[in-house]
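Breakdown of the fold
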2 protein chains.
Amino acid sequence: MEPARKHSRKRDAILACLRGTTCHPPAEWVYRQLKPEIPDLSLGTVYRNLALFKEEGLIESVGTVAGLERFDGRTDPHCHFVCLGCGAVLDVETAELSDALIATAGRETGGRVTGYRLNYYGYCKDCKKNKNS
Amino acid sequence: MEPARKHSRKRDAILACLRGTTCHPPAEWVYRQLKPEIPDLSLGTVYRNLALFKEEGLIESVGTVAGLERFDGRTDPHCHFVCLGCGAVLDVETAELSDALIATAGRETGGRVTGYRLNYYGYCKDCKKNKNS
DNA sequence: TTCGTTGCAAACATTTTGCAGTTTC
DNA sequence: GAAACTGCAAAATGTTTGCAACGAA
């Protein structure tokens, strides 16, 4: 049985930090963001709590970009654009997958589909420019 | 300017290995697969060549599953089902995204979309059973 | 007082890299 | 013979973990 959860100021701060940004940051970014405000915060705690949130479904992973796992405080169905140039991750509101499509994937594989992740890859507004060289 | 490519027996074997399986393996799997046949193969070479293939578009990454990057020898548009239980990765033939949808993502973000990755997550046929406990 | 939470640092696992020797052209 | 390729082992990187101190119920 899993342990009864207790309240924790740091945990709250980590979740709030993630929910207060749209940059889909990695653990390290959250850590650096909160460190000035909470000087006795450790990176391990950030990792531990992010893992916890993910388990509870409070946050989601966007996947690994340039070796770093990126997290998203939003959990409603939406997609992402990942810039191959600078690593920026942007929300994409359109293109929510239909239930029918998801059901088809389950039927085809014989498994049970519980979620999906749709990432577009390419070059963002800024990196698009800089590539014309 | 990038170096002129030379032929290499090991490189061929690595690509052939990846193309000859549908299990979307990580680097280590490819290494273990080829090692008996090519005793003087090193893991570093597998990593180096997989990175190279990815750059050239000969293979694609399915993303990181359980801490390991998984590769796919198929490059035609299709999706994947990732089992959260055992880590199996299966091809999903249906649900190819329309060009219109992809174009919309580009327009919405202001960037240029060069590709996408659609992963379904859930429990495969076998793991589905074992979860009824 | 109990038990979850945390800091710290060490441990871990995967991937990358430098260099000297080898293979390909 | 020049340049790319490779083995090997060390290094780098991101993440996890053990343990003693801390904080919440």
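1. With respect to the relation of the copies chain A and chain B
- If you rotate chain A by 180° and push it 0.0 Å along the axis, it lands on chain B with an RMSD of 0.1 Å. A rotation of that kind, with that shift, is consistent with a two-fold axis. Within chain A, the C-alpha atom positioned nearest to the axis of rotation is that of Leu-118 of chain A, 2.2 Å from it.
- Both copies contact each other with a shared surface, as 100% of the interface residues of chain A are interface residues in chain B too.

2. Side note on the protein's contact with DNA strand C
- In the vicinity of DNA strand C there are 20 residues, among which Lys-6, Ser-8, Asp-40 and Thr-45 of chain A together with Tyr-47 of chain B approach most closely.
- Taking all atoms of DNA strand C within 4 Å of the protein, the share assigned to sugar and phosphate is 77%.
- A distance of 2.8 Å is found between a phosphate oxygen of DNA strand C and a side-chain nitrogen or oxygen belonging to Lys-10 of chain A.
- Arg-48 of chain B has a polar side-chain atom sitting 3.4 Å from a base oxygen of DNA strand C.
- Where the surface near DNA strand C is concerned, the elements lending two or more residues are helix H1 (9–19) and helix H3 (43–56) of chain A together with helix H3 (43–56) and strand S2 (68–72) of chain B.

3. Observations concerning the sheet that holds strand S5 (residues 112–123) of chain A
- Within the open sheet, the six strands sit side by side as S4(A)-S3(A)-S5(A)-S5(B)-S3(B)-S4(B). Their pairing is mixed. At either margin of the open sheet sits one strand with a lone partner, and together these are strand S4 (89–92) of chain A together with strand S4 (89–92) of chain B. Each strand axis lies, on average, 30° off the axis of its neighbour in the sheet, ignoring direction.
- Set on the sheet, helix H4 (residues 99–109) of chain A makes contact with S5 of chain A together with strand S3 (79–83), S4 and strand S5 (112–123) of chain B; between it and S4 of chain B the angle comes to about 120°.

4. Let's talk about the pairing of S3 of chain B
Residue and element names in this part refer to chain B.
- Within S3, five of the five residues are buried, which leaves it mostly tucked inside the rest of the structure.
- With burial as the criterion, each face of S3 is covered, one bearing Cys-79, Phe-81 and Cys-83 and the other bearing His-80 and Val-82.
- Of the strand pairs in this sheet, S3 and S4 are connected by four bridges, and their pairing is antiparallel. The residue bridging Cys-79 from the neighbouring strand is Val-92, located in S4.
- Where S3 meets S5, four bridges bridge the pair, whose relative direction is parallel. Paired with Cys-83 across the bridge in S5 is Gly-122.

Calculation criteria
- Residues numbered from 1 in each chain as written.
- Chains lettered and ligands numbered in written order.
- Predicted model: local features only at pLDDT ≥ 70, side-chain atom pairs only at ≥ 80, totals over all residues.
- Heavy atoms only, no water.
- Least-squares fit on C-alpha atoms with pLDDT ≥ 70 in both.
- Contact = heavy atoms within 4.5 Å.
- Near = heavy atom within 4 Å.
- Polar contact = N/O pair within 3.5 Å; in protein donor to acceptor, adjacent residues only side chain to side chain.
- Helix = DSSP H or I, 4+ residues; strand = E, 2+ residues; numbered from the N terminus.
- Pairing = 2+ DSSP bridges.
- Axes fitted to C-alpha atoms, helices over the stretch in contact; angles between N-to-C directions.
- Buried < 20%, exposed > 50% of the residue type's maximum accessible area, 1.4 Å probe, protein only.

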